[in-house]
Each structure stands twice: as C-alpha cells, then as structure tokens.
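# Topology and contacts: notes
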Amino acid sequence: MLLTRQSRALQRSGDAYWKRARDTYHAPPEFYAERERALREILGPLGEIGLAIDVGCGDGRYSRVIAEYAELVQGFDISPSLISRARAAGSAGNVEFSVGTVAEIASSGMADLVTCMGVTSCIVDPVTFDQSLSLLRRLLKPSGSLLMIDTLSTGSDMHRAYRSGYVARYRARSSYERAIQCGGLEIVREMDMAMFGGGLVNRMYLLRKHASHSAQQLDAAG
Ligand SMILES: C[S@@+](CC[C@H](N)C(=O)[O-])C[C@H]1O[C@@H](n2cnc3c(N)ncnc32)[C@H](O)[C@@H]1O
C-alpha cells in the first residue's frame, strides 16, 4: 500500500499529465473498435436514456456514440485540449462538452446513465478513488446505470509511473469489486473486454445503485 503522501503526489503527477494530454489512444485501433461494439450492445437494451454523463470523455468519440441512444450527453474531461478536440469534431447537437473533473460535475441525481471508461485506473490515490466512486453514484437517478471500463490486475494491485508523468493503478479485480460494493453499487453485468500481457485485463461493469438499507443511507448522506 502506498503511503498517503506518496499516492497524493502520484495523483498530482497523473492529473498534470492528463491536463496537458492531447491524445488518449495508446492501444491498437481494434481495442477501441471493440469498446464501441460492446458499448452499442449494452446501450441498445437499456431503454430510454434522457441524460447521459460521460466522465473522462477524452476527445468525445464514445460520447458521440452514446448520443445516438440518449436525449442529451454531457461529456466532461480534465484536459482542456481534449475537450477542444471533442468540440471541434462536431456532433448531432445533443452533446455538450465541458472541462471538469469527476469532483466538479454538479448534476446530482439526474443521470439515467453515467459512463466512466478508462478513467479510474488513472485515479491512483485510494481515497480519491473511493470518493470518485461515490461521486459517480451520486450523479445517477435511483434507476440509473453506471458503466465502468477499467484495466485490472488478475493478481494483486499494480502501479505504473512513467517518465511522461502518466501513472496508473491496476487494481486487483477482487479489491475493485469490493470497492464497488462498499460504494453502494451492485453489478448487473460484467465482461472481459481485452487481455493484456503481464496479468492485466480490461473489464466492463454495468452497475446500478444497490437497493439495500445501507445504500439508502448513502443516498440520504448524498
Ligand atoms: C484512458 S483515457 C479514456 C478516454 C475515453 N473515456 C475512452 O474510453 O477512450 C482517460 C481519460 O480520463 C481523463 N481523466 C483523467 N482523470 C480525470 C478526472 N479526475 N476527471 C475527469 N477526467 C479525467 C483523461 O483526461 C482522459 O481523457
């Protein structure tokens, strides 16, 4: 377990990396095409989607896919240059892009769908990760769905810190799923999206608010 001061410093480095990022595509094109295919397969049966919030939307590629299934999509990203690219790419008119972190999104309890794809492995600090899960949950309507895609470790937690400033925490699948449950969320559907070398797997989770008493308490607490 990283010391708090170390993990906060790593988090600042990672946030600074993403704030100046212009590109998010570090994997082969097939990886992103498969994500789009899986996204469409999940969105189709979800029924009516009023507001969808795409957290960490990057250049908006998937926000534009989600917009085919939703009345309105709000895409947020920590990186001003990625948001500029997202705006420049144009869309059907029902997508809005804003610079903002997970913690800065204000639409509490209004979203039918929240997507957070490839983002929480960039949130290396454990306290910020738990807070982020709770903030994502808070954006949802009671019947809303949260779609998370992340790279996880098939063994124990792994950290990566590169000279570029990019940092990642690949959480053990068991600790990731425990955090989901402790955060008042339950798994509706899950699937492996891609296997990487070195004991890493990219996984998708479709979640909803847990209907238990403790989850209601979380709602009451906001
Ligand atoms: C690996 S990219 C994924 C982009 C896109 N969601 C996708 O699936 O291709 C991670 C994205 O999360 C953004 N990001 C990282 N930390 C964030 C935070 N705390 N709040 C909002 N966005 C963040 C980055 O700027 C980057 O666009």
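Note that residues are indexed from 1 along each chain, following the sequence as it is written. Given that the model is predicted, a residue must reach a pLDDT of at least 70 before its local features are reported, and side-chain atom pairs must reach 80 or more before they are shown or counted; all residues, however, enter totals for whole chains, interfaces and linings.

This paragraph deals with the nonpolar core. For our purposes the nonpolar core covers buried Ala, Val, Leu, Ile, Met, Phe, Trp, Tyr and Cys residues that link as a set through C-beta atoms within 7 Å. Backbone-placed C-beta atoms define the burial measure: a residue is buried with 20 or more other C-beta atoms within 10 Å of its own, exposed with 12 or fewer, and partly exposed in between. Among the nonpolar cores identified, the biggest contains 47 residues, and Val 55, Val 114, Leu 136 and Leu 146 are the most heavily contacted of them. Sequence-distant contacts of Leu 136, defined by excluding residues within four places in its chain, comprise Val 55, Val 102, Val 114, Cys 116 and Leu 146. Here, residues touch in the contact sense if the C-beta positions derived from the backbone fall within 7 Å of one another.

What follows concerns the UniProt feature "domain: Methyltransferase" (unreviewed entry) in the chain. UniProt positions are given in the numbering used here, feature names are shortened, and annotations may be inferred rather than shown by experiment. Sites flagged by UniProt as "domain: Methyltransferase" (unreviewed entry) map to residues 53-144. Secondary structure counts use DSSP, requiring at least four H or I residues in a row for a helix and at least two E residues in a row for a strand, with both numbered from the N terminus. Between the C-alpha atoms that bound residues 53-144 there is a distance of 11 Å. The span itself is 32% helix and 30% strand.

Inspection of the secondary structure assignment puts Asp 77 in strand β2 (residues 70-77). Each C-alpha atom of the pair Asp 77 and Gln 131 lies 17 Å from the other, and the pair is 54 residues apart in sequence. In contact with Asp 77, not counting residues within four places along its chain, are Gly 56, Cys 57, Gly 58, Leu 82, Ile 83 and Val 99.

By way of backbone hydrogen bonds, the strands of a sheet pair with one another, either parallel or antiparallel. The 7 strands lie next to each other as β3-β2-β1-β4-β5-β9-β8, forming an open sheet whose pairing is mixed. The open sheet terminates on both sides in strands that have one partner only, identified here as β3 (95-99) and β8 (185-196). Direction aside, the axes of adjacent strands within the sheet are offset by 15° on average. Strands pair, by our definition, only if DSSP identifies at least two bridges between them. Looking at chain direction, strand β1 (residues 49-55) and strand β4 (residues 111-117) are connected through 4 bridges and run parallel. Of the residues in β4, the one forming a bridge with Ile 53 is Val 114. Packing against the sheet, helix α4 (residues 80-88) makes contact with β2 and β3, and its axis sits at approximately 160° to β3. Here an axis means a line fitted to C-alpha atoms, over the contact stretch when the element is a helix, while the angle between two N-to-C directions is reported on a 0 to 180 degree scale.

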